[in-house]
Amino acid sequence: MTAVAPAPGNWLTDLRATPATFAQWWVLTVRLIVPSVVTGEIITAILAPITFTASFYIPLNRVMTFAGLGFSSYAQFMAPIVILQAAAFTAVSAAFRAATDAVSGLDRRFDAMPMHPLIPAAARMSSNIFRLAIGMVAAVASIYYIGFRFVGGALHTLGFLALGMLIGVAFCLGADAIGTFTRSPEATTQMLVLPPLILGMLSTGLAPAHQFPHWVQLFVRNQPVSQFAEGLRALGGDSLGKSAPVTWSLMTPPLLWIAAIIAVSLFFIARQNLKRS
């Protein structure tokens, strides 16, 4: 006799940490992680931050130094954009996987099984966080190689790493929601390639806002990638004291952006998954 998925109205109370729920989540998580290791997808997650670092640092290092950047090194200044690009790369993979599960009918097959409809999404997020953590390690190693150093103390270092992971989780949640909604791996990938590229270039990740044309500086300063970059840059610190101090006024905007992305993404993920049950 086939069990029926929990009714949408009871999804909060039905999703309990029972042994069966944990076992289902674990099996689906392993289903996603093991192939990524076997097929070499993890190698891509490691190589991507290295490629980002070389692509940004090699052509811009001398130019930005001669432009009077003010920081102890360009590596210290541009480190946040490498972290953000690594997070964005993981998010594109997350969207592709969510769209593939949706269009292949796998989500429908899971719906016919005795499990909560949000468990597959939770398993996808677990595997995304696994790849994100590997990408973050590779990103930090890459920026360290070109000269970046944590100079703000242990607490700020932990804050830098935690903020980078939080941003990545928010990106992955948003990407999972988009992939589940579009149900098209090709269209989803194309949709998510351009926004990180455009927002990354029109941000303070690669150059200070005052080096942009006057008419676009307001957008450059206040868009989310710039807010994330400024928060990470403050936590990373600078040996010459050129980085902004870590204050609530500086950290509140990036934290609010993260909270907003996570809240909206969770709403649409829950809506899409529970609508099928």
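Residues numbered from 1 in each chain as written. Predicted model: local features only at pLDDT ≥ 70, side-chain atom pairs only at ≥ 80, totals over all residues. Heavy atoms only, no water.

Student: What is the right way to look at the packing of aromatic side chains in this model?
Tutor: Given two aromatic rings, one states the distance between the centres and the angle between the planes to describe the pair. Per the counting criterion, the structure on display carries eleven aromatic pairs. Where Tyr74 meets Phe77, the ring centres are 6.2 Å apart and the plane angle is 20°; that geometry is what we call stacked. Of this pair, Tyr74 and Phe77 both sit in helix α4 (residues 74–103), three residues apart, which is roughly one turn of the helix. Overall, Tyr74 belongs to the buried group, its relative accessible area being 2%. Counting every residue linked through ring pairs, the aromatic cluster contains Tyr144, Phe148, Phe150 and Phe160. (Phe/Tyr/Trp six-rings, centres within 6.5 Å; stacked < 30°, edge-to-face > 60°. Helix = DSSP H or I, 4+ residues; strand = E, 2+ residues; numbered from the N terminus. Buried < 20%, exposed > 50% of the residue type's maximum accessible area, 1.4 Å probe, protein only.)

Student: What am I meant to see in helix α7 (residues 154–182) here?
Tutor: For an α-helix the count is 3.6 residues per turn, leaving residues at separations of three or four pointing the same way. For α7, with 29 residues, the first-to-last C-alpha span of 42 Å sits near the 42 Å given by 1.5 Å per residue. Directly beyond the C-terminal end of α7, a positive phi value near 60° is found at Arg183. (Expected span 1.5 Å × (residues − 1).)

Student: Help me out: how do you make sense of the packing of α7 against helix α8 (residues 185–201) in this one?
Tutor: For any two helices packed against each other, one specifies the inter-axial angle together with the distance between the axes. In the contact formed by α7 and α8, the axes pass within 9 Å of each other and the chain directions differ by 145°. α8 is crossed by α7, and the crossing has right-handed handedness. Contacts between α7 and α8 pair Ala175, Ile178, Gly179 and Thr182 from the former with Thr188, Met191 and Leu192 from the latter. Residues that form the contact of α7 with α8 fall into these classes: four nonpolar, three polar and no charged. (Axes fitted to C-alpha atoms, helices over the stretch in contact; angles between N-to-C directions. Left-handed = near helix turned anticlockwise from the far one by under 90°. Contact = heavy atoms within 4.5 Å. Nonpolar A, V, L, I, M, F, W, Y, C, P; charged D, E, K, R; others polar.)

Student: Whenever I open this one, the side chain of Thr29 confuses me. Can you help?
Tutor: Relative to the helices and strands, Thr29 is located in helix α2 (residues 19–38). For Thr29, a relative accessible area of 3% gives the class buried. Among residues more than four places away in sequence, those in contact with Thr29 are Ala123, Ser126 and Ser127.

Student: Please clarify how a nonpolar patch on the surface should be interpreted in this entry.
Tutor: Nonpolar side chains collect at one region of the surface, where Leu194, Leu197, Ile198, Met201, Leu202 and Phe219 lie side by side and expose about 530 Å² of accessible area between them. When residues of the nonpolar patch are assigned to their parent elements, the largest contribution, four residues, is made by α8. Residue placement: Leu202 occurs in the loop between α8 and α9 (217–222). (Patch = residues over 30% accessible without salt bridge, like charges linked within 9 Å, V, L, I, M, F, W, Y side chains within 5 Å. Areas by Shrake-Rupley, 256 points an atom, 1.4 Å probe, with all protein chains shown as cover. Salt bridge = Lys/Arg side-chain N within 4 Å of Asp/Glu carboxyl O.)

Student: For this particular structure, what's the right way to read the nonpolar core?
Tutor: As a rule of thumb, soluble globular proteins bury nonpolar side chains together. Membership of the largest hydrophobic core comes to 59 residues, with the highest contact counts inside it found for Met78, Ile81, Ile83, Leu84 and Ile167. At the level of elements, α3 (41–66), α4, α6 (119–145), α7, α10 (224–236) and α11 (248–275) are the ones that each hand at least two residues to this core. In this structure, Ile83 is in contact with Met136, Ala139, Val140, Ile143, Phe160, Gly164 and Leu232, ignoring residues within four places of it in sequence. Of all hydrophobic cores here, the second largest spans five residues; its members include Leu28, Phe110, Met115 and Ala123. (Core = buried A, V, L, I, M, F, W, Y, C linked by side-chain atoms within 4.5 Å.)

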